[in-house]
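A structural walkthrough
One letter stands for each residue in the lines below.
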Amino acid sequence: MKRGNILQKQAVNILAALAAVCLFGCGSQSENTNLQAGMELIEQYDFQGALECFDLARLNNEDLQLTSRGEGLAYMGLGEYEQAQDAFLASIQNAGNKLTALEYDTNYYLAAAYMKQGKYTEAYDIYSAIIALKSKETDAYYLRACVLLQQGDYEAAVADFEKVFALEPDDLGLVTDAYVEMQAAGFGEEGKTFLLELMEEREKSLSDGDKGTIYYYLEDYQNARTYLDGYLNGSDAKRSLLLGQTYEKLGDMNYATVVYQTYLASNEPDAAIYNSLGMCYMAQEKYEEALEAFEAGLATDSGEYLQELKFNMIAAYEYSGEFTQARTLMEEYLQAYPDDDKAKREYEFLQTR
């Protein structure tokens, strides 16, 4: 399980987990029929159905380590984090004596389950144990820093973040992600100071795109636009997205739309850019165009933006007055994402329409 705004999004990448499980077990053990079926249902976000398959897997003496792991993933999807915790622990207990990539990955998911419950000490201990065995494990350092932020230990968190930056000095995304974590944990001003100091230290080596990115996160949108404008006709999806979002922050939805359209006209489909394009149309009350953008984003099959695109599509139907369609889609959405409190409140509203 990889890092990435864990305290803000707090989401498990179920599709990545599916791939890992199939890599380590399903594909090579034809007798694990129910286990495979359960993992396929997880891919389809049918977590309850997956649990039923895993019950059958147990009855048929299929791989116990992978079955418990699958149960943990299903419980995470259902928002039942204590049950997920117990399932991941069972998976680890049923592993062999030799540590493999699968056991490490399961421990990352176990730590995520602890984080979801606010059990920061337990999560900290897992990341520390991984670091003790793998001194250059950047994911563990990064995620342990996130735990430390939640515990209010800013200085220790920064020390762990700096270890990550030292191990991966060319990855600016790690720096901005760390700032987002600081901000989410209530250390926004300290995080801004951290970014400014970093920019001063690396000024000569930073590209215009790097500087524009940092200015964006510092909420200096005028300077962000200055440094990012050169990416208007480029093929860098991340920088084009950031340029469009900069114009959104400056209140120029029309030009933000142009930025997104320009990128999509010359490059491969990108879920994140389609999502932002749809939101620009929403802000302009162009709901039909918004729906087209969200649908195009969903067609890319990007797991990272799947939930957000589905939710935004429901909102587009709602704002366009198609309440029946919005309500139907929301019912399907809540089956896949039962832990989304905002969606639950929205569904209550839709039931009155």
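Quick caveat: nothing in here was measured; it's all calculated off a predicted structure.

It is worth spelling out the overall build of the protein chain at this point. The helix and strand inventory of the protein chain stands at 21 helices and zero strands. In terms of overall dimensions, the protein chain has a C-alpha envelope of 60 × 55 × 35 Å along the principal axes. Considering only contacts within the protein chain whose residues lie at least 6 apart along the sequence, 51% involve residues at least 24 apart. Charged side chains in the protein chain number 27 positive and 60 negative. The centres of these two groups are separated by 4 Å.

The end-to-end C-alpha separation of helix H20 (residues 323-336) is 20 Å, in line with the 20 Å expected for 14 residues at 1.5 Å each. Buried residues of H20: Ala326, Arg327, Leu329, Met330, Tyr333, Leu334 and Ala336, and no others. Structurally, H20 contributes buried residues whose contacts are with helix H4 (47-59), helix H5 (64-78), helix H19 (303-319) and helix H21 (341-350).

Taken together, the side chains of Asp153, Glu155, Glu189, Glu190 and Glu219 make up a negatively charged region of the molecular surface. Note that aspartate 153 resides in the loop between helix H9 (138-150) and helix H10 (154-167).

Tallied over the entire structure, the rule returns 16 aromatic pairs. Ring geometry for tyrosine 45 and phenylalanine 47: centres 5.9 Å apart, planes at 80°, overall edge-to-face. Both residues of the pair, tyrosine 45 and phenylalanine 47, belong to the buried class. An angle of 80° between the planes, with centres 6.5 Å apart, marks the rings of tyrosine 179 and tyrosine 217 as edge-to-face. In this pair, tyrosine 179 is assigned in helix H11 (residues 172-184) and tyrosine 217 in helix H13 (residues 208-217), connecting sequence segments 38 residues apart. Among the aromatic residues, ring-to-ring pairing joins Tyr45, Phe47, Phe311, Tyr333 and Tyr337 into one connected group. One Lys or Arg, lysine 134, reaches over the ring of tyrosine 104 and ends 4.1 Å from the middle of that ring.

Before going further, it helps to examine the pattern of salt bridges. Going through the model one piece at a time under the given rule, you end up with six salt bridges. Close ionic contact of arginine 58 with glutamate 71 constitutes a salt bridge, the shortest N to O distance being 2.8 Å. Placement of arginine 58 in helix H4 and of glutamate 71 in helix H5 is noted, with a sequence separation of 13 residues between them. For arginine 58, a relative accessible area of 35% translates into the label partly exposed. For glutamate 71, a relative accessible area of 9% gives the class buried. For the salt bridge of aspartate 160 with arginine 144, the shortest nitrogen-to-oxygen distance reads 2.7 Å. With a gap of 16 residues between them, aspartate 160 in helix H10 and arginine 144 in helix H9 connect regions that are remote in the sequence. Overlapping salt bridges, with partners in common, bring together Arg144, Asp160 and Lys163 in one network.

Conventions we followed
- Residues numbered from 1 in each chain as written.
- Predicted model: local features only at pLDDT ≥ 70, side-chain atom pairs only at ≥ 80, totals over all residues.
- Heavy atoms only, no water.
- Helix = DSSP H or I, 4+ residues; strand = E, 2+ residues; numbered from the N terminus.
- Contact = heavy atoms within 4.5 Å.
- Lys, Arg positive; Asp, Glu negative; His and termini not counted.
- Charge placed at Lys NZ, Arg CZ, Asp CG, Glu CD.
- Expected span 1.5 Å × (residues − 1).
- Buried < 20%, exposed > 50% of the residue type's maximum accessible area, 1.4 Å probe, protein only.
- Patch = residues over 30% accessible without salt bridge, like charges linked within 9 Å, V, L, I, M, F, W, Y side chains within 5 Å.
- Areas by Shrake-Rupley, 256 points an atom, 1.4 Å probe, with all protein chains shown as cover.
- Salt bridge = Lys/Arg side-chain N within 4 Å of Asp/Glu carboxyl O.
- Phe/Tyr/Trp six-rings, centres within 6.5 Å; stacked < 30°, edge-to-face > 60°.
- Lys NZ or Arg CZ within 6 Å of the ring centre and 35° of its normal.

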